[in-house]
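# Structure at a glance
The primary structure of each chain is shown beneath.
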Amino acid sequence: MDEAKHHVVVVGAGFGGLELTRALAAAPVRITMIDKRNHHLFQPLLYQVATTSLATSEIAWPIRHLLRKRKDVTTLLGNVTGIDRQAKRVLLDDGSAVAYDTLVLATGARHAYFGHDEWEPFAPGLKTLEDATEIRRRILLAFEQAERETDPATRQALLTLVIVGGGPTGVELAGTIVELAHDTLRGEFRNIDTRQARVVLIEAGDRILANFAPKLSAYARKALERLGVTVELGRAVTQLDADGVVFGETHLPARTILWAAGVAASPAAEWLGASADRAGRVLVEPDLTVPGSPDIFVIGDTAHLSRPDGRPVPGVAPAAKQQGQHVAATIKARLAGDTAPRPFRYRHDGDLATIGKRAAAIDFGWIKLTGWLAWWLWGVAHIYFLIDFRNRLAVSLSWLWIYFTGQRSARLITQGDDDKR
């Protein structure tokens, strides 16, 4: 690799980081990709690993494998602890540092508990493969423990599964969990009827899927209720522990609680000493650079940039990919001598959410779809964006099997034992 070439360091191999790297394929640069995990994760389908529909290998790929043909790219497994903006170095937890000419931070997001971090052990969020397998373990263990429980109240608490947050992740979790309980597990236990399991979705706002058109939110609520989900609106969770949740004036005993209510950015703003919004996202310039450091870009869930209507660019995969493309184009333009500002313009492609295995809501703005047609379109879109043919085929076959039989094969209890709950 030519050490004299312009050195682009990319932190984070998510959608934005990989798209940037792909778009720089023909540029006169050398690239170092740093990530604390060795795999790229297709996060939109992470909830299906958590709910036993897909295996981990079907939605994740080794970063080195994805970049194996890119001789201009060096991949490093490492945990970033800081950025030295003056010396232009990325600091790693082993004491080493990586120098850069241009730095791109695409480090994603983590869970946010709105000042109640003590809730995290009782209500895991869903951002990583480890999160997904832990949630899968808790869901399946709840039924196993209920099978052995003789006290009716304790058994009902074990069979009550709560999701906090009515965005797409919460809605998708709720719909799939109730189908798992009512269809997949039916008849497999002798002392309990899994159809008696109660799935409760709690949303502090006045409707679920708040970013969708109101009629689509109403459709999603009715679709969930038809499946058997209890939807609670307008009351925020104020207390949460191993025994259950409190929302409004209601205490609900529940042994399995999942968090889908909020996210916070990675510590990138702390590394940079930069201004951030309440969620920790770096307040970037219109061209996605850090104020005062035109050689540092921040993209994806880590960046806060407002659209012309005042709303922030959403933290979704299409936005991250568009930003990766934009930054790559900016870097190539600068190397060609064009230093004119290049403000980023976000193109919203629509919102999608699935509700169980036969319904979905899609809002493209100009057209809105619901029902089985929306579900098939949702499935086609997600399969299209999977990285390789093997994964597309595997996911397609898994979905078809679930669609026609109701059976989910990835029901393995792994990752620790019950005393860690």
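With that settled, the discussion passes to the overall build of the chain. In terms of regular secondary structure, the chain is built from 11 helices and 25 strands. Whereas a compact globule of 421 residues would reach a radius of gyration of roughly 22 Å, the chain reaches 22 Å, a difference of no more than 12%. In terms of its C-alpha atoms, the chain occupies a principal-axis envelope of roughly 70 × 50 × 45 Å. Counting the 421 residues in the chain, one finds 53% classified as buried. When contacts within the chain are restricted to residue pairs at least 6 apart in sequence, long-range pairs at least 24 apart make up 64% of them. Roughly 19,100 Å² of accessible area belongs to the chain as shown, and the carbon and sulfur atoms make up 53% of that amount. In the chain, 50 side chains carry a positive charge and 47 a negative one; their mean positions are 6 Å apart.

Right, let's get into the confidence of the model for the chain. Predicted confidence across the chain gives a mean pLDDT of 94, with 98% of residues reaching 70 or more. Within the model, the stretch residues 417-421 combines pLDDT values under 50 with 11 contacts to residues more than four positions away or in other chains.

In this section: empty space enclosed by the protein. Under the defined criterion, the tally for this structure stands at 1 cavity of 30 Å³ or more. Empty space within the largest cavity amounts to approximately 110 Å³. Around the largest cavity, the lining is made up of 13 residues, and of these Gln48, Gly356, Lys357, Trp375 and Arg408 lie nearest the centre. Counting residues per element, the ones that place at least two in the lining of the largest cavity are helix 2 (46-50), helix 6 (168-184), helix 10 (371-385) and helix 11 (389-405). Among the elements that take part in the lining of the largest cavity, helix 11 stands out by supplying 3 residues, more than any other. Here the residues of the lining of the largest cavity are counted per class, giving 6 nonpolar, 4 polar and 3 charged.

Spatially, the 3 strands line up as an open sheet ordered 14-15-16, and their pairing is antiparallel. Unpaired on one side and paired on the other, strand 14 (237-241) and strand 16 (250-253) mark the two borders of the sheet. Adjacent strand axes in the sheet meet at a mean angle of 15° when their direction is disregarded. Alignment of strand 14 against strand 15 (residues 244-247), held across 4 bridges, turns out to be antiparallel. For valine 237, the partnering residue across the bridge sits in strand 15 and is phenylalanine 247.

How each quantity is defined
Residues numbered from 1 in each chain as written. Predicted model: local features only at pLDDT ≥ 70, side-chain atom pairs only at ≥ 80, totals over all residues. Heavy atoms only, no water. Helix = DSSP H or I, 4+ residues; strand = E, 2+ residues; numbered from the N terminus. Rg over C-alpha atoms; globule rule 2.2 N^0.38 Å. Buried < 20%, exposed > 50% of the residue type's maximum accessible area, 1.4 Å probe, protein only. Contact = heavy atoms within 4.5 Å. Areas by Shrake-Rupley, 256 points an atom, 1.4 Å probe, with all protein chains shown as cover. Lys, Arg positive; Asp, Glu negative; His and termini not counted. Charge placed at Lys NZ, Arg CZ, Asp CG, Glu CD. pLDDT = per-residue confidence, 0-100. 1 Å grid on protein atoms, 1.4 Å probe; cavity = no way out; pocket = protein on both sides within 12 Å on 5 of 7 lines; lining within 4 Å. Points joined across faces, edges and corners; volume = space filled by probe spheres on them. Nonpolar A, V, L, I, M, F, W, Y, C, P; charged D, E, K, R; others polar. Pairing = 2+ DSSP bridges. Axes fitted to C-alpha atoms, helices over the stretch in contact; angles between N-to-C directions.

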